[in-house]
Amino acid sequence: MTAKFNDLLAQRRSVRAFKDDSIDRQTLENICCAARQAPSGANLQPGKFHVLIGTALGGLKDRLAQAVAENTPVDLEYSYFPERMSDALKARQKTAGFALYEAIGISRRDVAGRRDQFAKNYAFFDAPVGVVVTIDRNMGKGCFMDLGMAIMTFLLATEAEGLGCTGIGAIANYGQIVGTHLDLPDDEMVVCGIALGVADTDAPVNQFKTERDALETFTTFRGFDGN
């Protein structure tokens, strides 16, 4: 990898506070086209990116806010996390969550503060651009891997444009509501959202970044010692 690409990876982070600057359509088209260059088994190219700004985004945010206010039951159509999470994974999840809340001054016992912060997911963190990512329900499980590569390419392309973004898995909690509001075909399943815009680099929430495992934790090398 070149130094430039390493730098791009190193500087990427989940941005949860944005400036009001608008993003032009050509830039967004460039990002989407870059995402479509991701690898795809049998070239099926699964997944779609529904890009929203202005009143289109505002209408969806209002509908999601209504769902939250009415305590509408979650209708997530796929399992995002392991159904039985190990103690090690639970510890990792809690560490990341507590670090985020600490960065923005929310104590571990401040349940209301944590709830309000989570609700910002449904407002796309007030980003000027919101993206709803979908996939055809008829696609196989492996196609989620292909879509994941497209999403990662989308995130890196956004970073390369000098912009910030974050994936929002919580958008899928109200997938049916989102699909109905956007008048999506019945065979399109909402996978996640993405908030995108110019990062507010002074915002405390954007100073937070999760740690990554050391190489030896997730990688094995075999045959290098001649055996």
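Everything below is about the structure shown above.
1. Observations regarding the overall build of the protein chain
Moving on, step 1. In terms of helices and strands, the protein chain carries eight helices and four strands.
Moving on, step 2. Taken along its principal axes, the extent of the C-alpha atoms in the protein chain is 60 × 45 × 40 Å.
Moving on, step 3. Residues counted as buried form 36% of the 227 residues belonging to the protein chain.
Moving on, step 4. Within the protein chain, counting contacts between residues at least 6 apart in sequence, those at least 24 apart form 84% of the total.
Moving on, step 5. Put simply, the protein chain shows about 13,800 Å² of open surface, and 52% of that area lies on carbon and sulfur atoms.

2. Some points on a nonpolar patch on the surface
Moving on, step 1. On the surface, a cluster of nonpolar side chains totalling about 400 Å² of accessible area is made up of Val74, Leu76, Tyr80 and Phe81.
Moving on, step 2. Along the polypeptide, Tyr80 turns up in the loop between helix H3 (54–69) and helix H4 (87–103).
Moving on, step 3. Looking at Tyr80, the relative accessible area reads 52%, which means it is exposed.

3. Thoughts on the pairing of strand S4 (residues 188–197)
Moving on, step 1. With 10 of 10 residues buried, S4 lies mostly within the body of the structure.
Moving on, step 2. Pairing geometry for strand S2 (residues 129–136) and S4, over eight bridges, is antiparallel. In the sheet register, Gly130 faces S4, and the bridge partner there is Ala195.
Moving on, step 3. With five bridges joining them, strand S3 (residues 164–168) and S4 adopt antiparallel strand pairing.

Reading guide: rules and limits
- Residues numbered from 1 in each chain as written.
- Predicted model: local features only at pLDDT ≥ 70, side-chain atom pairs only at ≥ 80, totals over all residues.
- Heavy atoms only, no water.
- Helix = DSSP H or I, 4+ residues; strand = E, 2+ residues; numbered from the N terminus.
- Buried < 20%, exposed > 50% of the residue type's maximum accessible area, 1.4 Å probe, protein only.
- Contact = heavy atoms within 4.5 Å.
- Areas by Shrake-Rupley, 256 points an atom, 1.4 Å probe, with all protein chains shown as cover.
- Patch = residues over 30% accessible without salt bridge, like charges linked within 9 Å, V, L, I, M, F, W, Y side chains within 5 Å.
- Salt bridge = Lys/Arg side-chain N within 4 Å of Asp/Glu carboxyl O.
- Pairing = 2+ DSSP bridges.

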